[in-house]
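# Coordinate analysis (summary)
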Amino acid sequence: MYTLKDYFQAEIIKKPNKKFSWLTVVRRALRSRRYNFLFWFRIADKLYNSDSSFKKSIARKINKRLMNRYSVEIMLGAKIDLGLSVGHACGVVVTSNVRIGKNFTILQNSTVGSDGKCDEPIIIGNNVSIGANSCIIGTGITIGDNVKLGAMSFVNKDIPSNSTYITKKQNVIIPCD
């Protein structure tokens, strides 16, 4: 299990060889909306995963404040490994029934959610990037490692590793009479 220091090193300092400094973490969290969100999300996530009901209630309050401030709803209980990156903190929704690997990037107005048909989690591998306005909906969906989802993609089935996924869109122009 990772510590907050591990998450902050990977997500806020972003340089594995650079010496860790709490001062650097706090400065970056205060200066950048993106890092501020990650800072407080990881604290809420750590508190939520403890055995204390008091800590869980604090985590819920922090998460609710993050939802109101950033319009990002990454539900507590979602398992997200090191390297989370929220490109533009606006309109992002991630359900609690999801398991995400390392180096996950999600852009604005994207959703990773369950259709509620069963309890199987959505599993997303390492090094996955989700483009803006994309939607992953279902249960038991597996997205492999090194996958890129193009902008405005709709996913409701498995995607193999080492691939790029786009949803074909077709424009139709109807002339006015």
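Here, the structure is the one placed above.
Here goes a summary of the coordinates provided. (Residues numbered from 1 in each chain as written. Predicted model: local features only at pLDDT ≥ 70, side-chain atom pairs only at ≥ 80, totals over all residues. Heavy atoms only, no water.)

## Some words on the packing of helix H1 (residues 4-13) against helix H2 (residues 22-31)
In the contact formed by H1 and H2, the axes pass within 11 Å of each other and the chain directions differ by 50 degrees. As far as their axial angle goes, H2 and H1 are oblique. For H1 against H2, the interelement crossing comes out left-handed. Of the residues in H2, those touching H1 at Lys5, Phe8, Ile12 and Ile13 are Trp22, Thr24, Val25 and Arg28. Residues that form the contact of H1 with H2 fall into these classes: five nonpolar, one polar and two charged. (Axes fitted to C-alpha atoms, helices over the stretch in contact; angles between N-to-C directions. Helix = DSSP H or I, 4+ residues; strand = E, 2+ residues; numbered from the N terminus. Parallel < 35°, antiparallel > 145°, perpendicular 65-115°, else oblique. Left-handed = near helix turned anticlockwise from the far one by under 90°. Contact = heavy atoms within 4.5 Å. Nonpolar A, V, L, I, M, F, W, Y, C, P; charged D, E, K, R; others polar.)

## Looking at the sheet that holds strand S1 (residues 72-74)
Reading across from one edge, S1-S4-S7-S10-S13 is the order of the five strands in this open sheet, with parallel pairing throughout. On the outer flanks of this sheet lie S1 and strand S13 (154-155), each paired with one strand and no other. Pairing of strand S7 (residues 111-113) with strand S10 (residues 135-137) involves three bridges; the strand directions are parallel. Counterpart to threonine 111 in the pairing with S10 is cysteine 135. (Pairing = 2+ DSSP bridges.)

## Description of the side chain of serine 153
Inspection of the secondary structure puts serine 153 in the loop between strand S12 (148-149) and S13. Its relative accessible area of 2% is what places serine 153 among the buried residues. When residues no more than four places from it in sequence are discounted, the contact partners of serine 153 are Asn133, Ser134, Cys135, Tyr165, Ile166 and Thr167. (Buried < 20%, exposed > 50% of the residue type's maximum accessible area, 1.4 Å probe, protein only.)

## Focus: the sheet that holds strand S5 (residues 98-100)
Reading across from one edge, S2-S5-S8-S11 is the order of the four strands in this open sheet, with parallel pairing throughout. The sheet is open, and its two edges are formed by strand S2 (79-80) and strand S11 (142-143), each paired on a single side. Pairing analysis gives two bridges linking strand S8 (residues 122-124) to S11, with the strands arranged parallel. Its bridge partner lying in S11, isoleucine 123 is registered against threonine 142.

## Brief notes about the packing of aromatic side chains
This model, assessed by the stated rule, comprises seven aromatic pairs. Here the aromatic rings of tyrosine 2 and tyrosine 7 are separated by 5.7 Å at their centres, their planes lie at 70 degrees, and the arrangement is edge-to-face. For tyrosine 2, a relative accessible area of 26% gives the class partly exposed. Accessibility expressed as a relative area gives 8% for tyrosine 7, which makes it buried. Each ring, one from phenylalanine 39 and one from tryptophan 40, has its centre 5.2 Å from the other, and the planes form 90 degrees; the classification is edge-to-face. (Phe/Tyr/Trp six-rings, centres within 6.5 Å; stacked < 30°, edge-to-face > 60°.)

## Some words on the pattern of salt bridges
Tallied over the full model, the rule gives two salt bridges. Note that glutamate 11 is salt-bridged to arginine 42, the shortest N-O span being 2.6 Å. Of this pair, glutamate 11 sits in helix H1 while arginine 42 sits in helix H3 (residues 33-48), and the two are 31 residues apart along the sequence. The pair formed by glutamate 11 and arginine 42 is uniform in burial state, with each residue classed as buried. (Salt bridge = Lys/Arg side-chain N within 4 Å of Asp/Glu carboxyl O.)

## A closer look at the packing of H3 against helix H4 (residues 53-70)
Remark: H3 packs on H4, axes separated minimally by 7 Å, with the N-to-C direction vectors making an angle of 155 degrees. With respect to H4, the element H3 is oriented roughly antiparallel. The hand of the H3/H4 crossing is left-handed. In contact with Arg33, Asn36, Phe37, Trp40, Phe41, Ile43, Ala44, Leu47 and Tyr48 of H3, H4 contributes Lys55, Lys56, Ile58, Ala59, Arg60, Ile62, Asn63, Leu66, Arg69 and Tyr70. Residue classes in the contact of H3 with H4 are distributed as twelve nonpolar, two polar and five charged.

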